[in-house]
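Structural features, examined
The primary structure of each chain is shown beneath.
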Amino acid sequence: MTTLFREYAQYYDLLYQDKDYSGEARFVARLLGRCLGKPAEQTEILDLACGTGRHAQELAGMGYRVEGSDLSADMVAIASDRAESLGLSIRFYNESFQSCHRIDRRYDAVIAMFSAIDYLTDDSDIEQSLRHIRGLLREGGVFVFDFWNGNAILHGYSPTRVRRAEKGDQAVIRTSSASLDTTSQIITINFDFLMLKGGSIVREFSEVHPIRYFFPQEMTNLLAANGFEVVHRCPFLREDSEIEPDEWNLTYVARPCK
C-alpha cells in the first residue's frame, strides 16, 4: 500500500527501543477513564496507525480489548508476530487513515499515537479520515490522538538531527534532514539510514516523509468542521496541564457531535 516504512519497519523497534510505550499507554488509559468512564475490560479500542503494535500490546496487557491497523504491511506483520509470541489476542488490519472504514466495526475509542495524524498532509485526506473515524466509533466514543504543535515547530525547528541506537552488535544511525514550508505547514524530512553489524555497515537506505504540523485552534476548527467536538486537550503525557506554546506534542480527545 505504501513504500513508507517498508525497510524502516525492520529497524523501527531498535531505533525506538527506549521509547516509554508503557507510560504512554497509561496516559491513554487515564484519558479514556476520564472521558469514557468504562472499565478496561468493557472498552474496545482501535489503535490506528499502530506501527509495530507496541501501544496496542501495552493496552491489551492492561485488560483493554484492542485491535490495530497500519498502512504498512511490514509494520503489521511485525506487530502480529510479536502479539502472538506474547500470547495476546490482538487482530491487526492493513488499513490506513483513508481506508480504515473497510474494517467495518465499531469501537469505544480510536487512538492514533506518535503524531501519526501529521502524515495527513492534504485537507481532503484529513476530512476523509475524520469521516471514517466517526464511522468507527460507537455512540459516546472518543478519538484520542496527538500532533505536532505549529507554535513549537516554528520556534524549535531543527534542520538536521542524528539518532543512534544500539543493541548487541547491531546499530542503526538515522540522519534527518528537514525543510520547512510555512505556507503549507509541511516539514519534508529526508531520513538516511545506516545499519551496522559488528561495527561494519551492512545496509543503507533513505525515505522521504512529508509531515504536517497544526496549530491548536486550527485543529479544533478542523475537528468541528468534520463533526467532532474537543472534550479534552493537553500536552502529551500531562493530562492535567495547560497547553503552552512551546509544547511540541499536543493531545486531543474528540467526540462526534450529536
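You'll find the structure just up there.
Residues numbered from 1 in each chain as written. Predicted model: local features only at pLDDT ≥ 70, side-chain atom pairs only at ≥ 80, totals over all residues. Heavy atoms only, no water.

**Some words on the pattern of salt bridges**
What the rule picks out here adds up to 16 salt bridges. Close ionic contact of glutamate 239 with arginine 30 constitutes a salt bridge, the shortest N to O distance being 2.5 Å. Here glutamate 239, found in the loop between β10 (228-235) and β11 (249-256), pairs with arginine 30, found in helix α2 (residues 21-35); they are 209 residues apart in sequence, far enough to count as distant. Note on glutamate 239: relative accessible area 11%, which makes it buried. Between arginine 238 and glutamate 247 there is a salt bridge, with the nearest N and O atoms lying 2.5 Å from each other. Glutamate 247 gets classed as buried once you look at its relative accessible area, which sits at 15%. (Salt bridge = Lys/Arg side-chain N within 4 Å of Asp/Glu carboxyl O. Helix = DSSP H or I, 4+ residues; strand = E, 2+ residues; numbered from the N terminus. Buried < 20%, exposed > 50% of the residue type's maximum accessible area, 1.4 Å probe, protein only.)

**Thoughts on the pairing of β11**
Of all the eight residues making up β11, seven are buried; the element is thus mostly covered by neighbouring parts of the structure. Relative to β11, strand β5 (residues 137-148) runs antiparallel, the two sharing six bridges. Note that in β11 the partner of tryptophan 148 across the bridge is asparagine 249. Of the strand pairs in this sheet, β10 and β11 are connected by seven bridges, and their pairing is antiparallel. By the bridge assignment, valine 230 is partnered in β11 with alanine 254. (Pairing = 2+ DSSP bridges.)

**Quick look at the sheet that holds β10**
Read across the open sheet, the seven strands follow the order β3-β2-β1-β4-β5-β11-β10; overall the sheet is mixed. If you trace the sheet from one side to the other, it starts and ends with β3 (91-93) and β10, each paired once. When strand polarity is set aside, the average angle formed by the axes of neighbouring strands in this sheet is 20 degrees. As judged from the three bridges shared by strand β2 (residues 65-69) and β3, these two strands associate in the parallel manner. The partner of serine 69 across the bridge, within β3, is tyrosine 93. The strands touched by α2 within the sheet are β1 (44-48), β4 (107-112), β5, β10 and β11, with β10 carrying the most contacts at an inclination of about 135 degrees. Against the sheet, helix α5 (residues 123-136) engages β1, β4, β5, β10 and β11, with an angle of about 140 degrees to β5. (Axes fitted to C-alpha atoms, helices over the stretch in contact; angles between N-to-C directions. Contact = heavy atoms within 4.5 Å.)

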